[in-house]
Structures are given as structure tokens and as C-alpha cells.
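For reference, the chains in residue letters:
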Amino acid sequence: MADMPTPRLGASEFYRRLLAWFDQYGRHDLPWQSPRSAYRVWVSEIMLQQTQVATVIPYFERFMARFPTLESLALAPQDEVLHLWTGLGYYARARNLHKAAQLALEAHNGELPTESVDALVALPGIGRSTAGAIIAQSTGNRAAILDGNVKRSLTRLHAIPGWPGKPAVERTLWALADYYTPSTRLADFTQAMMDFGATLCKRSKPDCTCCPFNDVCLAYAQGEPQRYPESKPKKALPTRCTIMLLLRDSQGRVWLEQRPPSGLWGGLWSLPQFDTHSELNDWLEQHVVSPKRETAMPGFQHTFSHFRLEITPQPVSCDRLSEVREHGVWFDVNHPRELGLAAPVKALLGQLASFTLNLAPGRV
């Protein structure tokens, strides 16, 4: 373990302190903890990536009600999976979850291959830390995790410089995570590591005075725990522009088209998009009977992790389409179908409905 700095505590003492804290202050009633199966832990871990526990819980409960088993998820249409994911964001997670379930059904008799981390990471969307969390929490076998909460806690405990996304820093953190991981109470230890970072060693305003490790934490000794971990070097977010066509027929239905399987909003249903009004006009002329352009709606901005999208909604009414188009549907906003919708599209359709769309709330 050449990459590992000198641990601040022996592994057994770290384990003792952390579990004592967890037994008193940890979260013991999360819905995926009872019953705790590999499938339920897996779904929760994927949902919890980039998303807070309070947001995930209602999504998880709805998801489990509809897909109680891996087989039921694998056999479901992708549209239904994406519909139940609408609002959670980062939709590649849902597509990978669905694909991984199908592969597990085909190759592993409908079970997740929890015999090893390597077997799990061979499935789409499962990384090393997620695989460790699934194994530790569902089987009790030893496997380390290194999610964002654990990275933050270990970085502060050892005052490790550098952004944790750098390979050298990540190797150091994995070495520490593996060193501290015990061989007993693995499910509780794994949950404790995540809870500790999420509720006590928080990104902002960590509660250092109540921390069971404040006597050995180097960041606390330096008086600047929030200096760690160092942030990823920032780049200015580029801005892109798009025109979203709100095409309505004589019945008030809105035309939606399904996005390609990969890329932005992959597999979700969206309004037709155009870079310029000239492109929009050409499309209307080619595909629409008697289009009537209406006053443009106010534009708005939707921010992704790597760029900002300036959206201009352009309402157009028409009699009908001049031809049947593949990958498209007329969507009745007052009697909505269960489709996975891109978040800005969901918001725009909600403005048109006579009542609020019965779609799951959540992050955009």
C-alpha cells in the first residue's frame, strides 16, 4: 500500500468509534434497509448517486411498488422505467439500471452476481464503490466503498491535498478505505460510513465538536476542515441555445418525439428541437398541415453539469401532421400517458394542462 499515508487510527479503533456513533446517531429505518436485498440495495445506490436521501425515498418506494423484483424491472418497457425516474435527473442511470437488469436476467438467472466486485462492475452503471456497497450490505461479505461522503471524511481525517477525482488521490483514498473496512458488521459499517459523511462530516458546516474522530483529524487540527477535499478545477460552463416546438393539434394535444437512446435525455420524450427559426420553419413546411405560429413563450435556462441550455419555447397550432412520423406521439396534457419526460418538457407541459400533471416531483 505504497499510496497510503499513515492511518490516523488503527483499523479496529476506527471501527469501534464509528459503529458506536452509528448505533446512536445513524439512519436505521431507510426503506432499502428492510428487507435488505441485493436488488433493493442496488436500486437505492443508483438513485443516491448525485441525489440526496430525502429526495430518493419517495422515488424508491414508487419504483419498488412497480418493480419489486429484478425480473419485473428487466421485463418492463424502457418508457415505464424512465417515467418513474422523471425528475431524478441523470437519466443514464435509469437506462443503465434497466439494461443491467436485463443482462442479469439473461446471464445470472435473474440475480445480481454478488460473488465479487469484478462480476458486478461488468454490468452497466455499476462502479467499484457501488459494487462494494451492494456486496457489503446484502451479503455481509467484506468490500470497501468510496462514495463522495467517504472521500470527504477520509480526506479531512488525513488532510489529503488535491482533488479526489485525480487518479493519484483516488488511489490513496481507496487504500485508506480498504484499510479501515472490517470483516464484521459490514452492512452497518458501510451505512455508517455513508451516514457519517452525509449527516456529520458534511460538505458545509461539518459538526466537528461532535465528531468521534476530532482528536485525530488533521483537518480539524489545522482549523480548516472545509478546505478539504479540494474542489475540481472549475471551467466556465458553455451555453447552448435551442428552440423547443410546442406543436398542438385541433384537440389541444402536443407532439412529442423520443430522443435517441444515448446522449442528452437519451430515451426520454421531448419536444422537437431546432437550432434556428429557419430550421423550424423548414420542418413545419415539410411535416405540418396549416401551421399557425403563435407568440413565443418566455425563454428560460436549464443547467446541466457540463453546459447551460437556453430554451425558447415556440407554440404552433396546426390541423394535423402531413405524414405519420416514427418515434412520435400526440400527448394529451389533461390525460397524460406514463412517459419518461425531459424535465424542461415536463415543466412546459404542466403550464398547458388544466390541472397539474400527475408526474413525480423531484430534481431537474
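Definitions and limits used
- Residues numbered from 1 in each chain as written.
- Predicted model: local features only at pLDDT ≥ 70, side-chain atom pairs only at ≥ 80, totals over all residues.
- Heavy atoms only, no water.
- Axes fitted to C-alpha atoms, helices over the stretch in contact; angles between N-to-C directions.
- Helix = DSSP H or I, 4+ residues; strand = E, 2+ residues; numbered from the N terminus.
- Parallel < 35°, antiparallel > 145°, perpendicular 65-115°, else oblique.
- Left-handed = near helix turned anticlockwise from the far one by under 90°.
- Contact = heavy atoms within 4.5 Å.
- Phe/Tyr/Trp six-rings, centres within 6.5 Å; stacked < 30°, edge-to-face > 60°.
- Buried < 20%, exposed > 50% of the residue type's maximum accessible area, 1.4 Å probe, protein only.
- Lys NZ or Arg CZ within 6 Å of the ring centre and 35° of its normal.
- Core = buried A, V, L, I, M, F, W, Y, C linked by side-chain atoms within 4.5 Å.
- Expected span 1.5 Å × (residues − 1).
- Salt bridge = Lys/Arg side-chain N within 4 Å of Asp/Glu carboxyl O.

Participant: Help me understand the packing of helix 2 (residues 38-48) against helix 6 (residues 92-107), please; the structure alone is not making it clear to me.
Facilitator: A pair of packed helices can be characterised by two numbers: the angle between their axes and the separation between those axes. Closest axis-to-axis distance for the helix 2/helix 6 pair is 10 Å, and the angle between their directions is 160°. As summarised for this structure, helix 2 and helix 6 are arranged roughly antiparallel, according to the angle between their axes. Judged by the sense of rotation from one axis to the other, the crossing of helix 2 with helix 6 is right-handed. Residues Trp-42, Val-43, Ile-46, Met-47 and Leu-48 of helix 2 form the contact with helix 6, whose own contacting residues are Arg-93, Leu-97, Ala-100 and Ala-101.

Participant: Any chance you could explain the packing of aromatic side chains here in plain terms?
Facilitator: How two aromatic rings sit relative to each other is set out by the distance from centre to centre and by the angle between their planes. Summed over all chains, the structure comprises 16 aromatic pairs. A centroid spacing of 5.2 Å and a plane angle of 65° characterise the contact between Trp-255 and Trp-330, whose relative ring orientation is edge-to-face. With Trp-255 in strand 2 (residues 254-258) and Trp-330 in strand 10 (residues 328-331), this residue pair connects regions lying 75 residues apart in the sequence. In this structure, Trp-255 and Trp-330 share a single accessibility class: buried. An aromatic cluster is defined as three or more aromatic residues linked by ring pairs; in this entry it consists of Phe-14, Tyr-15, Trp-21, Tyr-25, Tyr-179, Tyr-180, Phe-189, Phe-196 and Phe-213. The aromatic ring of Tyr-59 is capped on one face by Arg-62, whose charged end is 4.9 Å from the ring centroid. Sitting over the ring of Phe-307, Arg-240 keeps its end group 3.9 Å from the ring centre.

Participant: Sorry, what's going on with the nonpolar core here?
Facilitator: Within the largest apolar cluster, 61 residues are counted, with the highest numbers of intra-cluster contacts made by Trp-42, Phe-63 and Leu-256. If you tally residues by element for this core, the top one is helix 2, at seven residues. Grouped together as the second largest cluster of nonpolar side chains are 37 residues, Ile-145, Ile-160, Val-169 and Ala-219 included.

Participant: Just to check I follow, could you spell out helix 3 (residues 53-66) for this structure?
Facilitator: An α-helix turns once every 3.6 residues. As a result, residues three or four positions apart point the same way. In this model, helix 3 (14 residues) spans 20 Å end to end at C-alpha, consistent with the 20 Å of a helix rising 1.5 Å per residue. Among all positions in helix 3, only Val-53, Val-56, Tyr-59, Phe-60, Phe-63 and Met-64 are buried. If you follow the buried residues of helix 3, they end up packed against helix 2, helix 4 (70-74), helix 5 (78-85) and helix 6.

Participant: What exactly am I supposed to notice about helix 10 (residues 167-180) here?
Facilitator: Helix length check: helix 10, at 14 residues, gives a terminal C-alpha distance of 20 Å against a target of 20 Å (1.5 Å per residue), a fit within 8%. Buried residues of helix 10: Val-169, Thr-172, Leu-173, Trp-174, Ala-175, Leu-176, Ala-177 and Tyr-180, and no others.

Participant: Would you mind showing me how to read the pattern of salt bridges here?
Facilitator: Side chains that carry opposite charge are capable of pairing whenever their charged atoms lie near each other. With the rule as written, the count across this model stands at 12 salt bridges. One salt bridge in this structure joins Arg-27 and Asp-195, with 2.9 Å as the shortest N-O distance. One end of the pair, Arg-27, is in the loop between helix 1 (11-25) and helix 2; the other, Asp-195, is in helix 11 (residues 186-199), and 168 residues separate them in sequence. By relative accessible area, Asp-195 is classed as buried at 1%. With a closest N to O distance of 3.1 Å, Glu-224 and Arg-227 form a salt bridge. Owing to a relative accessible area of 32%, Glu-224 belongs among the partly exposed residues under this scheme.

Participant: How should I be thinking about the environment of Ala-92 in this particular structure?
Facilitator: Checked against the element boundaries, Ala-92 lands in helix 6. Along the sequence, Ala-92 and Ser-262 sit 170 residues apart, while their C-alpha atoms lie 7.9 Å from each other.

Participant: I tried to follow unusual backbone geometry on my own but got confused; where do I start?
Facilitator: Of note, the bond from Ser-34 into Pro-35 is cis; its omega dihedral lies within 30 degrees of zero at -5°. Structurally, the position occupied by Pro-35 is in the loop between helix 1 and helix 2. Of note, the bond from Tyr-228 into Pro-229 is cis; its omega dihedral lies within 30 degrees of zero at -10°. Residue position: Pro-229 is located in the loop between helix 12 (218-221) and strand 1 (239-248). Positioned with a positive phi, Tyr-90 is a non-glycine residue whose angle comes to about 50°. Mapped onto the secondary structure, Tyr-90 falls in the loop between helix 5 and helix 6. The phi angle at Lys-205 is positive, at roughly 55°, despite the residue not being glycine.

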